[in-house]
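One letter stands for each residue in the lines below.
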Amino acid sequence: MDIVHTPVLLQECLTWLSPVGEPFEQNALMIDSTLGEGGHSNAFLSAYPGLHIIGLDADAAIQARARERLAPFGSRMNFYNGWFNDFYSSYPADAEKPSLILFDLGISVYHYEKSGRGFSFRYDEPLDMRLNTNDGSSAADIVNSLREEALANLIYLYSDEKFSRRIARAIVEARSGGKIVTSKQLADIVYGAVPGQYRHGPIHPATRTFQALRIAVNSELSHLPRALHDAFNVLAPGGKMGVITFHSLEDRIVKSYFRNLGKQCVCPPEQAVCCCGGTPCAEVLTRKPIEPRSEEVAVNSPSRSAKLRVVRKLRDATDMHLLETETVE
């Protein structure tokens, strides 16, 4: 099988999320919350013979590739096709609790290169960008329906694109002559909307606009705080949870939530009696995020913005810990 995605921070994940040591060394359960083509799961199953994994992915097509790749591991590998927030929010109370949970919040290279859904501005494909094509609005729906101001705000909020208003204006003008339905159409509109010097910068001028639309289409940020919270409470006491992020908005949410988990108390200062438990819920193992080594960036450029944060669970968290988490709406 042709594998097109290289998992980032792989050795670091194997080290920081190692199941070696009591009480989880034998027959440990791990949940790979973002399975993709199965790169991280393949490495963990190979490195730790006593490990079992449940792999989650909302995209049935990419999960089929992972099933083929991970078939040699037999019953040690199981699969769930759906969103990770749904999986954790409905996790059975009597089910085995995992000792390891991993989130890799990056989009697989497969989606850019093989999915045919318009994730990349380099190809002329239907402008979809949905990980689950049976769920929600497509990128084309958004660019053809949002008012100019709302579209500009979306592009700026999710990508910090400084020319978001010019781009939104150009999109609205272009769609007056017919719907924007392909990735090439959109990329050409963005290219024509920005100043000349911006077109020849270090990245393609459509990069940030495409990122913003992908985040909006898949509700990547709005689902994240609750998903992290539910996943942490599913984790067995003493277990470890790691999250790999790829841009500042994601990392801010993860950093904020993990910081809350490590606090002794998260009650408001004006509250006379502690209601959150009064002891930390987790040990924050990575005071600073783990970033890729220069050697990895040299051979896998998408890894350059990756950050790994890891916590070890001490006890369940309350909704007080979630309420203080920084969110991006």
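Reading the values: rules and limits
Residues numbered from 1 in each chain as written. Predicted model: local features only at pLDDT ≥ 70, side-chain atom pairs only at ≥ 80, totals over all residues. Heavy atoms only, no water. Helix = DSSP H or I, 4+ residues; strand = E, 2+ residues; numbered from the N terminus. Rg over C-alpha atoms; globule rule 2.2 N^0.38 Å. Buried < 20%, exposed > 50% of the residue type's maximum accessible area, 1.4 Å probe, protein only. Areas by Shrake-Rupley, 256 points an atom, 1.4 Å probe, with all protein chains shown as cover. Lys, Arg positive; Asp, Glu negative; His and termini not counted. Charge placed at Lys NZ, Arg CZ, Asp CG, Glu CD. Axes fitted to C-alpha atoms, helices over the stretch in contact; angles between N-to-C directions. Parallel < 35°, antiparallel > 145°, perpendicular 65-115°, else oblique. Left-handed = near helix turned anticlockwise from the far one by under 90°. Contact = heavy atoms within 4.5 Å. Pairing = 2+ DSSP bridges. Expected span 1.5 Å × (residues − 1). Arc of directions from axis to C-beta.

A. Region of interest: the overall build of the chain. What the chain contains, in helices and strands, is 14 helices and 7 strands. The C-alpha radius of gyration computed for the chain amounts to 21 Å, which stays within 12% of the reference 20 Å derived for 329 residues, consistent with globular compactness. Judged by the C-alpha coordinates and their principal axes, the chain covers about 65 × 55 × 40 Å. Classification of the 329 residues of the chain by burial places 52% in the buried group. Surface accessibility of the chain: about 14900 Å² in total, with carbon and sulfur atoms responsible for 50%. Taken as two groups, the 35 positive and 39 negative side-chain charges of the chain have centres that lie 4 Å from each other.

B. Inspection of the packing of helix H11 (residues 224-234) against helix H12 (residues 248-262) at higher detail. Across the interface, H11 lies against H12 with an axial gap of 10 Å and an inter-helix angle of 40°. Here H11 lies oblique to H12, going by the angle between them. Two packed elements cross with a definite hand, and for H11 against H12 that hand is right-handed. Contacts from Leu224, Pro225, Leu228, His229 and Phe232 in H11 reach Glu250, Ile253, Val254, Tyr257 and Leu261 in H12.

C. Quick look at the sheet that holds strand E7 (residues 307-313). If you walk across this open sheet you meet the 7 strands as E3-E2-E1-E4-E5-E7-E6, and the pairing is mixed. Edge positions in the open sheet fall to strand E3 (77-81) and strand E6 (282-284), since each of these has one partner strand only. The sheet shows a mean angle of 20° between the axes of neighbouring strands, direction not considered. Pairing geometry for strand E4 (residues 100-104) and strand E5 (residues 240-245), over 5 bridges, is parallel. By the bridge assignment for E5, isoleucine 101 is matched with methionine 241. Relative to the sheet, helix H3 (residues 60-70) contacts strand E2 (52-57) and E3, its axis offset from that of E3 by approximately 175°. Contacts from H12 reach E5, E6 and E7, with the element oriented near 25° to E7.

D. Expanded view of the environment of alanine 64. Counting through the fold element by element, alanine 64 comes out in helix H3. With relative accessibility at 43%, the residue alanine 64 sits in the partly exposed group.

E. Here's a closer look at helix H8 (residues 164-175). The end-to-end C-alpha separation of H8 is 16 Å, in line with the 16 Å expected for 12 residues at 1.5 Å each. Regarding H8, the residues found buried are Ser164, Ile167, Ala168, Ala170 and Ile171. For H8, the buried positions fall inside an angular range of 160° around the axis, keeping them on one side. Residues of H8 that are buried sit in contact with helix H6 (139-145), helix H7 (148-159), helix H9 (183-193) and helix H10 (207-217).

Any functional reading would require information beyond the geometric quantities listed.
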